[in-house]
Amino acid sequence: MPQPVLTVVVPMFDEEDVLPLFVQRLRPVVDGLGVPYEVLVVDDGSRDRTPILLQQHRHTWPELRVLRLRANAGHQAAISAGLARSRGDYAVTIDADLQDPPELIGQMLQLARDEQLDVVYGARSDRSTDSAFKRVTARGYYDTMRRLGADHGPRHAGDYRLMSRATVDAVNALPEHHRVLRLVVPQFGFPSGVLTYRREERAAGRSKYPLSKMLRLAVDSITGASIAPLRLATWTGVLGFVVAMLLLIYALVGYVVGLTVPGWASTIVIVTFVGGTQLLCLGILGEYVGRMYTAQLARPTYYVAHDSADLASGQPQAP
Ligand code: UDP
Ligand code: MG
């Protein structure tokens with residue numbers, strides 16, 4: 001296969017319902033680009049028929065490459081795995097559920113080449129097809145990130161974007177685990193452009209982003225962007241200390257002037273207040289300490305089971 005100009009990285013987790021529709025829409029787009037390409041589907045440990053369907057499609061679609069992860073590593077880690085193994089001069093990351101229209105890929109590539117851009121962001125002009133819950137949480141997320149001073153790129157840009165080889169190499173070189181790509185890429189400051197599109201509804205199947213994964217993304221984003229929460233911990237601690245000192249003075253004065261303080265209620269209040277702030281601060285510290293711990297373990301965030309490209313070149317396969 002010739003060296004691809006474009007790698008399309010597609011994370012997929014249990015996407016058997018949408019996969020046929022996705023292939024049907026993506027293939028004419030990439031076939032029509034007129035450049036060598038590869039479509040690198042990262043099968044993020046799917047438990048449904050996704051891997052079987054992907055192998056079937058590979059028979060008729062030589063440009064389809066499948067990277068199978070051993071276990072579900074999560075959306076961001078799956079994209080990272082795909083970028084780490086992409087071979088194109090450019091890489092586009094796109095969700096499999098057709099919320100991001102593949103038809104934009106050609107325009108992204110052209111814009112990048114014509115204007116010598118390293119990044120072309122896809123930005124959603126319209127979120128009307130997202131649920132109210134998704135819109136509210138998305139808004140809260142971006143507002144928080146902005147307040148923390150994190151550059152998240154153009155408004156409403158998600159993970160549908162084109163990146164040059166230089167950008168992809170910069171992403172791959174990051175030692176950071178738990179990286180949130182939409183926060184990392186703008187930081188490089190490469191020349192970039194934006195294309196807006198209408199966010200469509202998920203074509204089939206259900207969202208693979210339950211609340212737990214959304215919260216994980218939020219925590220990774222916040223801790224990755226800033227140490228402000230640590231400072232919050234410090235200030236809550238200071239506040240708790242001041243309150244405790246005032247209560248101490250109150251109790252001493254009460255003792256000296258001979259007031260008998262019943263004390264039960266205030267004891268409970270103090271204990272819970274101090275305990276509460278300590279737990280809060282410990283939790284926040286734990287987030288950062290945990291990240292330092294996992295970073296020094298340098299344990300991978302994903303494990304590759306096999307890459308169909310290695311298979312093609314006759315390299316030995318993991319079972
Ligand atoms: N995805 C993944 N691993 C996960 C969760 C999601 O690879 O653990 C993929 C999923 O198959 C899809 C993309 O990430 O291609 C975005 O997920 P989804 O559309 O379910 O998220 P939503 O649009 O609901 O935020
Ligand atoms: Mg989606």
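Computed from a prediction, not measured in an experiment: that's the story for all the values here.

Remarks on the UniProt feature "domain: Glycosyltransferase 2-like" (unreviewed entry) in the protein
Under the UniProt annotation, "domain: Glycosyltransferase 2-like" (unreviewed entry) lies at residues 7–167. Here residues 7–167 runs as 40% helix and 24% strand, with 13 Å between its end C-alpha atoms.

Details of the sheet that holds strand 3 (residues 64–69)
The mixed open sheet is built from 8 strands, whose spatial order is 7-5-6-4-1-2-3-8. One side of each edge strand has no neighbouring strand; the edge strands of this open sheet are strand 7 (192–198) and strand 8 (304–307). Between one strand and the next, the sheet's axes are offset by a mean angle of 20 degrees, whatever the strand orientation. In the sheet, strand 3 pairs with strand 8 via 3 bridges, with the strands oriented antiparallel. The partner of leucine 67 across the bridge, within strand 8, is aspartate 307. Contacts from helix 4 (residues 104–114) reach strand 1 (6–12), strand 4 (90–93), strand 5 (119–126), strand 6 (157–164) and strand 7, with the element oriented near 160 degrees to strand 7.

What to know about the UniProt feature "transmembrane region" (unreviewed entry) in the protein
As annotated by UniProt and renumbered to match this structure, "transmembrane region" (unreviewed entry) occupies residues 232–257 and 263–285. Overall, residues 232–257 shows 96% helix and 0% strand. The separation of its end C-alpha atoms is 38 Å.

Parameters and conventions
- Residues numbered from 1 in each chain as written.
- Chains lettered and ligands numbered in written order.
- Predicted model: local features only at pLDDT ≥ 70, side-chain atom pairs only at ≥ 80, totals over all residues.
- UniProt positions renumbered as here; feature names shortened; annotations may be inferred.
- Helix = DSSP H or I, 4+ residues; strand = E, 2+ residues; numbered from the N terminus.
- Pairing = 2+ DSSP bridges.
- Axes fitted to C-alpha atoms, helices over the stretch in contact; angles between N-to-C directions.
- Contact = placed C-beta atoms within 7 Å.

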